[in-house]
Amino acid sequence: MTGFWQGGGRLRRRVFTSSDPAWPAPAGVLFVSGCAAGAGGAGGHNANPGGGGGGGGPGWCAEMVMLTCDPGAPLAITIPAGGAGAAVAAGSVAGGAAFVTGVNDFFAGTFALSGGGAAGAGAVGAGGSGGSVISFLAVTAGGAGAGTQGSVAGFALAGMSLTCANGSSGGGPSNAGGQAARRYYEASTANAGAANGTAGGGGAGGFGRFGRGGAGGTG
């Protein structure tokens, strides 16, 4: 997460790579860019045949969102941990949320970005679902065939329009996982996981504002 503010006649910047429980707020308006953590990918089923695990959802992102705060007031900056990849036949862990607490805006003085939704494990005859990025964007369900690309949607945050995508679903037995949706300014995207015999491949992770998801694993 990065904070920008005007000070001493120039634009100043502070990059946070770890949490800070009491960062002194600068004078003036603070602009924040950053993202919450994405979820890990789910595990494929250990049956023969078995489906691949779904790809994790990305965390919410923000770019140059304006916050107001009292100069010198302590702001609690929370930098979350990414969701870990899951074990065989297990669903993944959701990504952690990012917070800026102590501002004068938003609900109860806290600016929050939600972490990416967890992905579903592969089943005996079907791939696992991909993780969602936002509650109103349905998860990408898995099935017996090839995995499905994660849904793409735009949403508004503090007057700013962002585009994001769910994680893709895992492939059913003997099928590849779902390819990741491509960000409009990139020529390529994260690859789906290939099948391995009767084992389905893993779905690719969904993309957010600042990066693409990870590639799906081989069945």
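Because the structure is a prediction, the values reported are computed rather than measured.

Caption draft 1: How the structure looks around the sheet that holds strand 8 (residues 110-113). Pairing is antiparallel across the open sheet formed by four strands, whose spatial order is 3-6-7-8. Each having just a single partner strand, strand 3 (20-24) and strand 8 make up the two edges of the open sheet. Neighbour-to-neighbour, the strand axes of the sheet open up by a mean angle of 15 degrees, direction not taken into account. Strand direction decides the pairing type here: strand 7 (residues 98-101) and strand 8, joined by four bridges, are antiparallel. Each bridged residue has a counterpart across the sheet, and for A98 the counterpart in strand 8 is L113.

Caption draft 2: A look at the pattern of salt bridges. In the structure shown here, the tally under the stated rule is two salt bridges. Of the charged contacts, one joins R14 and D20 as a salt bridge, the two residues approaching to 3.9 Å between their closest N and O atoms. R14 sits in the partly exposed class, given a relative accessible area of 31%. Look at D20 and you get buried, because its relative accessible area is 19%. E63 serves as the salt-bridge partner of R209, at 2.9 Å between the closest nitrogen and oxygen.

Caption draft 3: Focus on empty space enclosed by the protein. The tally for this structure, following the rule as stated, stands at one cavity of 30 Å³ or more. Lining of the largest cavity is provided by M1, T2, G3, F16, W23, L30, V32, I77 and V100. Contributing elements (two or more residues each) for the lining of the largest cavity: strand 1 (2-7) and strand 4 (29-35). Considered class by class, the residues forming the lining of the largest cavity number seven nonpolar, two polar and no charged.

Caption draft 4: Structural view of the nonpolar core. Core analysis: the biggest nonpolar cluster contains 23 residues, and L75, V100 and F111 have the highest contact counts within it. Among the secondary structure elements, those contributing two or more residues to this core are strand 4, strand 5 (61-68), strand 6 (74-78), strand 7 and strand 8. It is strand 5 that provides the largest number of residues to this core, a total of three residues. Excluding residues within four positions of it along the chain, L75 makes contact with D20, P21, A22, W23, A25, L30, C69, V100, T101, G102 and V103.

About the thresholds
Residues numbered from 1 in each chain as written. Predicted model: local features only at pLDDT ≥ 70, side-chain atom pairs only at ≥ 80, totals over all residues. Heavy atoms only, no water. Pairing = 2+ DSSP bridges. Helix = DSSP H or I, 4+ residues; strand = E, 2+ residues; numbered from the N terminus. Axes fitted to C-alpha atoms, helices over the stretch in contact; angles between N-to-C directions. Salt bridge = Lys/Arg side-chain N within 4 Å of Asp/Glu carboxyl O. Buried < 20%, exposed > 50% of the residue type's maximum accessible area, 1.4 Å probe, protein only. 1 Å grid on protein atoms, 1.4 Å probe; cavity = no way out; pocket = protein on both sides within 12 Å on 5 of 7 lines; lining within 4 Å. Points joined across faces, edges and corners; volume = space filled by probe spheres on them. Nonpolar A, V, L, I, M, F, W, Y, C, P; charged D, E, K, R; others polar. Core = buried A, V, L, I, M, F, W, Y, C linked by side-chain atoms within 4.5 Å. Contact = heavy atoms within 4.5 Å.

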